[in-house]
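# Geometric and topological summary
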2 protein chains.
Amino acid sequence: MEHRTKISDNLYMATARAPVNIAVVKYWGKTNEELIIPANDSLSLTLHIDHLCAKTTVAVGRDFKEDRIWLNGKEERVTTRIQNCLLEIRKRSREFMHMHNTGLPDYSDWHLHICSVNNFPTAAGLASSAAGYACLVKSLGTLFHVKGDLSAIARRGSGSACRSMYGGFVAWLKGLRQDGEDSVAKQIAPENHWPQMRIVLLVVSDVKKDTGSTQGMELSMLTSSLLEHRATKVVPQRMKDITEAIVNRNFHKFAEITMQESNQLHAVCLDTYPPIRYMNLVSWDIVHLVHRYNRYYGTNKLAYSFDAGPNACLFMLEDSLSEVLSIVQHAFPSSLGNSDFFRGAPAVRGKPPVELLEYLNITPQPDAIKFSIVTHVGCGPVSLDDPEEHILDIHGFPR
Amino acid sequence: MEHRTKISDNLYMATARAPVNIAVVKYWGKTNEELIIPANDSLSLTLHIDHLCAKTTVAVGRDFKEDRIWLNGKEERVTTRIQNCLLEIRKRSREFMHMHNTGLPDYSDWHLHICSVNNFPTAAGLASSAAGYACLVKSLGTLFHVKGDLSAIARRGSGSACRSMYGGFVAWLKGLRQDGEDSVAKQIAPENHWPQMRIVLLVVSDVKKDTGSTQGMELSMLTSSLLEHRATKVVPQRMKDITEAIVNRNFHKFAEITMQESNQLHAVCLDTYPPIRYMNLVSWDIVHLVHRYNRYYGTNKLAYSFDAGPNACLFMLEDSLSEVLSIVQHAFPSSLGNSDFFRGAPAVRGKPPVELLEYLNITPQPDAIKFSIVTHVGCGPVSLDDPEEHILDIHGFPR
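Residues numbered from 1 in each chain as written. Chains lettered and ligands numbered in written order. Predicted model: local features only at pLDDT ≥ 70, side-chain atom pairs only at ≥ 80, totals over all residues. Heavy atoms only, no water.

By the naming in an unreviewed UniProt entry, chain A goes by Diphosphomevalonate decarboxylase and is assigned to Ixodes ricinus. The UniProt entry for chain A carries the following comment under Function (unreviewed entry): "Catalyzes the ATP dependent decarboxylation of (R)-5-diphosphomevalonate to form isopentenyl diphosphate (IPP). Functions in the mevalonate (MVA) pathway leading to isopentenyl diphosphate (IPP), a key precursor for the biosynthesis of isoprenoids and sterol synthesis." According to the UniProt record, the Catalytic activity (unreviewed entry) comment for chain A is "(R)-5-diphosphomevalonate + ATP = isopentenyl diphosphate + ADP + phosphate + CO2". (UniProt positions renumbered as here; feature names shortened; annotations may be inferred.)

For the rest of this paragraph, the subject is the domain arrangement of chain A. All names here are of chain A. Along its sequence, chain A is carved into domain 1 (4–193 + 381–389) and domain 2 (197–376). On a C-alpha basis, the centres of domain 1 and domain 2 stand 27 Å from each other. Listed per partner, the contact involves 32 residues of domain 1 and 46 residues of domain 2. Summing the contributions of domain 1 and of domain 2, the shared interface buries around 3200 Å²; its carbon and sulfur component is 72%. Remark: the boundary between domain 1 and domain 2 carries one salt bridge. The closest approach of N and O atoms between Asp307 and Lys26, which form a salt bridge, is 2.7 Å. Listing elements by their share of the side of domain 1 that touches domain 2, those giving two or more residues are strand 3 (21–25), strand 4 (30–32), strand 6 (42–46), strand 11 (169–172) and strand 12 (185–189). In the side of domain 1 that touches domain 2, the residues fall into 18 nonpolar, nine polar and five charged. (Domains from an automatic or database assignment. Contact = heavy atoms within 4.5 Å. Buried area = accessible area lost by both parts, 1.4 Å probe. Salt bridge = Lys/Arg side-chain N within 4 Å of Asp/Glu carboxyl O. Helix = DSSP H or I, 4+ residues; strand = E, 2+ residues; numbered from the N terminus. Nonpolar A, V, L, I, M, F, W, Y, C, P; charged D, E, K, R; others polar.)

A separate point is the packing of helix 7 (residues 281–297) of chain A against helix 8 (residues 318–331) of chain A. Residue and element names in this part refer to chain A. Direction vectors running N to C along helix 7 and helix 8 enclose 135°, while the axes themselves pass 13 Å from each other. Taken together, the axes of helix 7 and helix 8 lie oblique to each other. Viewed along their axes, helix 7 and helix 8 form a crossing whose handedness is right-handed. Facing Leu289, Tyr293 and Tyr297 of helix 7, the residues of helix 8 in contact are Ser320, Glu323, Val324, Ile327 and Ala331. (Axes fitted to C-alpha atoms, helices over the stretch in contact; angles between N-to-C directions. Parallel < 35°, antiparallel > 145°, perpendicular 65-115°, else oblique. Left-handed = near helix turned anticlockwise from the far one by under 90°.)

Now for the pattern of salt bridges. Once their charged atoms are close, side chains differing in charge can pair, the charge on each being opposite to the other. Applying the stated criterion across every chain yields a total of 32 salt bridges over all chains. A salt bridge links Glu261(B) to Arg238(B), with the nearest nitrogen and oxygen atoms 2.7 Å apart. Of this pair, Glu261(B) sits in helix 6 (residues 251–270) while Arg238(B) is found in helix 5 (residues 227–247), placing the two residues 23 residues apart along the sequence. Since its relative accessible area comes to 8%, Arg238(B) is described here as buried. Through salt bridges that share partners, Glu34(A), Glu88(A), Lys91(A) and Arg156(A) make up one connected network. (Buried < 20%, exposed > 50% of the residue type's maximum accessible area, 1.4 Å probe, protein only.)

Before going further, it helps to spend a moment on the interface of chain B and chain A. Quite often, the size of an interface is put as the accessible area lost when its parts meet. Each partner contributes residues to the interface: chain B has 29 residues there, and chain A has 28 residues. Per-residue buried area on chain B facing chain A is highest for Leu270(B), Tyr273(B) and Trp284(B); these three make up 27% of the total on that side. Between the two partners, chain B and chain A, sit zero salt bridges. For the interface between chain B and chain A, the tally reads ten residue pairs in polar contact (both at pLDDT 80 or more). At the level of elements, helix 5, helix 6 and helix 7 (281–297) of chain B are the ones that each hand at least two residues to the side of chain B that touches chain A. (Polar contact = N/O pair within 3.5 Å; in protein donor to acceptor, adjacent residues only side chain to side chain.)

This is the structure in structure tokens:
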């Protein structure tokens, strides 16, 4: 049983960690902007919490004057999206209190202090909002004793956050209801289902300021004449096919759909008016490199996926990892030391066959990749019961 | 009446010039590869023949041993596509001879010598095949006295060549027949319909070898899950809308559809598996520059279009030309002299308002554009009756 910490009769606290997820069937476009109901189902892999996570402490205090939030050490505005999450949690808490005689204090109308940090560079464009909102909702759930599926609440913060509420392989179903109550995440396979799966994030150096994904997908919904067809005709079949590929651990098919989905997301962005571009030349070099690698082997041993930025996410099975890392090192030599460049899970770099390197015909680009994170599929959010873990002090302020 | 030249009883000759065209509703994908029947209608502007054209002389000789062709001074293989054009012309010539007693010799079974040159650099990626095949078919039509619409024959050489068979604003209708006989070009407005229209081609410096458009569109047909929707659902409405915009000389709407069409072509290429990219960073800089320019004026005064390569085609009305040229010069300063950089029609460069330049916030990129061609809408292919124009000598060999 997960516990909040009672600091005093007037102050309670809870802390959680939550993972990042990477979509392989992409979410792009909402049918309801306010409720964050997506135009199509999507599917993601939850990344291991040790390598990429948000950590959040929430405190509820009788004496707090207002809801406040600190993100990565800086106080920020409590946005409408955060308010929506708080509203939903408080509502469910009251319902719970009303139905059960817990003997617990009902502090659902006290104010909250929220403090959240990421264990990875925020500026790297690694979609920290999914982990952040999942972590907020998880810690609030613990604090307010809210049980059951919380993914619909996380969804109100950031759509993709709902998928970070589960570990393993997770589908976000768009649902049928107008109120979005059935637009929730479902685990389709647990974290240990496909233990050979490896994920390598390549953080691409770029100075360009991208169109934000919220704004980008809204513009796509309004102007792309391909998005609706994608959402209603293409994605449903791909959801079925990739689910089957995951269930059967068919990497070739998994990789094919993953790459097609990434490309179609960016195709829809290009079809937006004015057009949106997220991939840069380094991203495209990675695309070509992956296809050449697969052509060499005559099967898909490697897949790429790109979100609303130039960073690449690579998928492969364990037995290809060391070769892929050595190719990354060859293609994008870094002036950092290996331990700064290859972060995340420890991994050895092999020596690729000479014929492979010749076939790939790489022109090395020094420092085109800032750093990489090697990881694998992990669990959903976890509550941290040890009071030492709190990142708010006993007065409810950032330590 | 257009005439072939009789060199002797055994050798006849005809020469023509034919223009390049730029599609604003794009052709991408065939439903019949061999007959070159397109997946959707398309629409283009024919560019002025003085600034971009092919010139072709065809000679038919009793003593020629085989069909031969010289392109830009070099003998090339007579490809299947060229053979298909020759076959169709010879067939129609025989039909004509059979029906009319012309007193002319029937040389439809003699061999042909073909010589063709472009008045622009072939390597610049300016889609020379459209002008080339239109010119071949026009000159053959004159030589063999074939009357009527020849666009279906030009289509067998290169799909977009059929649109170069007419001047002004030209639609290529995909047609309904299995044999492609009704897949022909139709002029929707003559060359003098919208005299203010100006076109500026920007030849982008690039070393990359692109996927050829024939191969690219075949792969898109096979693998893109968006192409069919585009071809069957999106393009029909755009054909109607842009035709109306042209008829009413509504530049704002014309520009909007032109840019959306360009973007959708490249979106479909991205949705192809493996994905195809034609636009480079300079192409994207032009895209962003055009949208900023239009935003400054609050209406579309400028449009871009990109084909299977990084070169941009800009459309604007006469009263914007000098300002646009000065912005091009500002954004892409050239180490060439002005007369080498600005080719085509003579045009003055104005001085853009300081506020506009500030708004555009351009980072100049020296020599990112190799050169430009300023032009306008022009006529279809023309026969050149003066024997001095022939580029084959009196023996039927390149001069």
